[in-house]
Amino acid sequence: GASLALSKAKKAFAIPTFLLIVLQGLFGLVPWNAMSFYTLWLQLIGLSDAASGAIVGCQAFGVCFGNVIGGILGDYAASRSPDTGRIRVAQTSVLLGTFLQPIILFVVPWHADYTLVWDAGYTLLFALLFFLQGLVCSWCLAGTNRPIFSELVPSANRASLLSWCLALEGVSAACFGAPVVGLLAERYFGYEPSRPGEPFARLNRLVRAANARALGSAMCWMTVVPWLVCFCIYSTIGWTYPRDRDRAREEGHEQ
């Protein structure tokens, strides 16, 4: 019953590495939720609705391949370095995401007065960067988190404990991702919402440029900062994982 499920969860959360994996998940999903504003940001800097949607779709396409690559890299790294290999894969993924995010939001040039020089080359550049971001930022789940999770948790308890993790991660992302981006953009970076009934395309160009900068700044904060926290957590997992894994094996958890 419920008491048995709580007992299993309590025992799992007493494992330092398991607790850190869950904690990492609370921060790790926040950037993905925050990036839900990407389509609006692309529209603000001058792309059409169709182009904005297609470019964001390139990121999702990259994630599909990134999950596979993450699993392959995780297994290879673990075979070469059982204690730290998977951790290094996750840290690399996080650092690459932290590096790419400011490039996407601030380095690709668009004029401050909103006289954008859009051509096919710029559109393709954004498509490539979004695909690359999806490709390299999605290694952690398949390459690190789930394999370590399966090593630490008895097979009979994995489904119920995984449901706890997914629930906590989902709540954290929903509360601290997109809502905080909106709050930061309006309260701290000067985003000006359009008036009710005002067509988006008719916003003053300077206002749209200022809103793009405000939204980009808010997204950058709510992606880069959580990713840096994740990097620190993975560094800590590198110390706790070998001991917790060996203890789990001694208790016969690994099937």
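For clarity, every value in this text was computed on a predicted model and none was experimentally measured.

## Some remarks on the overall build of the protein chain
Part 1: Across its full length, the protein chain carries 11 helices and zero strands.
Part 2: Helices and strands in the protein chain line up, N terminus first, as α-α-α-α-α-α-α-α-α-α-α.
Part 3: Residues counted as buried form 45% of the 255 residues belonging to the protein chain.
Part 4: The long-range fraction of contacts in the protein chain, counting pairs at least 24 apart against all pairs at least 6 apart in sequence, stands at 84%.
Part 5: For the protein chain, the accessible surface area stands at approximately 12,600 Å², while carbon and sulfur atoms represent 67% of it.

## Describing the confidence of the model for the protein chain
Part 1: The share of residues in the protein chain with pLDDT of 70 or more is 86%, and the mean pLDDT across the chain is 85.
Part 2: Throughout residues 111-117 the model reports pLDDT below 50, and contacts reaching past four residues in sequence, or to other chains, amount to 18 contacts.

## Details of the environment of glycine 71
Part 1: Structurally, glycine 71 is set in helix H5 (residues 49-80).
Part 2: Exposure remark for glycine 71: the relative accessible area of 15% places this residue in the buried category.
Part 3: Sequence spacing of glycine 71 and arginine 146 is 75 residues, and the spatial spacing of their C-alpha atoms is 9.6 Å.
Part 4: Other than its neighbours up to four places away in sequence, glycine 71 contacts Ala142 and Gly143.

## A look at the packing of aromatic side chains
Part 1: What the rule picks out here adds up to seven aromatic pairs.
Part 2: A centroid spacing of 5.1 Å and a plane angle of 85 degrees characterise the contact between phenylalanine 61 and phenylalanine 65, whose relative ring orientation is edge-to-face. Taken together, the positions of phenylalanine 61 and phenylalanine 65, both in helix H5 and four residues apart, correspond to about one turn of that helix.
Part 3: Judged by its relative accessible area of 42%, phenylalanine 65 is partly exposed.
Part 4: When the ring of phenylalanine 61 is compared with that of phenylalanine 131, the centres are 6.1 Å apart and the planes differ by 40 degrees; the resulting orientation is tilted. Of the two residues, phenylalanine 61 is situated in helix H5 and phenylalanine 131 in helix H7 (residues 120-136); the sequence distance between them amounts to 70 residues.
Part 5: Here the aromatic cluster, defined as three or more aromatic residues joined through ring pairs, consists of Tyr38, Trp41, Phe126 and Phe130.
Part 6: The ring of tyrosine 241 has arginine 245 lying over it, and the distance from NZ or CZ to the ring centre is 5.1 Å.

Rules and cut-offs
Residues numbered from 1 in each chain as written. Predicted model: local features only at pLDDT ≥ 70, side-chain atom pairs only at ≥ 80, totals over all residues. Heavy atoms only, no water. Helix = DSSP H or I, 4+ residues; strand = E, 2+ residues; numbered from the N terminus. Buried < 20%, exposed > 50% of the residue type's maximum accessible area, 1.4 Å probe, protein only. Contact = heavy atoms within 4.5 Å. Areas by Shrake-Rupley, 256 points an atom, 1.4 Å probe, with all protein chains shown as cover. pLDDT = per-residue confidence, 0-100. Phe/Tyr/Trp six-rings, centres within 6.5 Å; stacked < 30°, edge-to-face > 60°. Lys NZ or Arg CZ within 6 Å of the ring centre and 35° of its normal.

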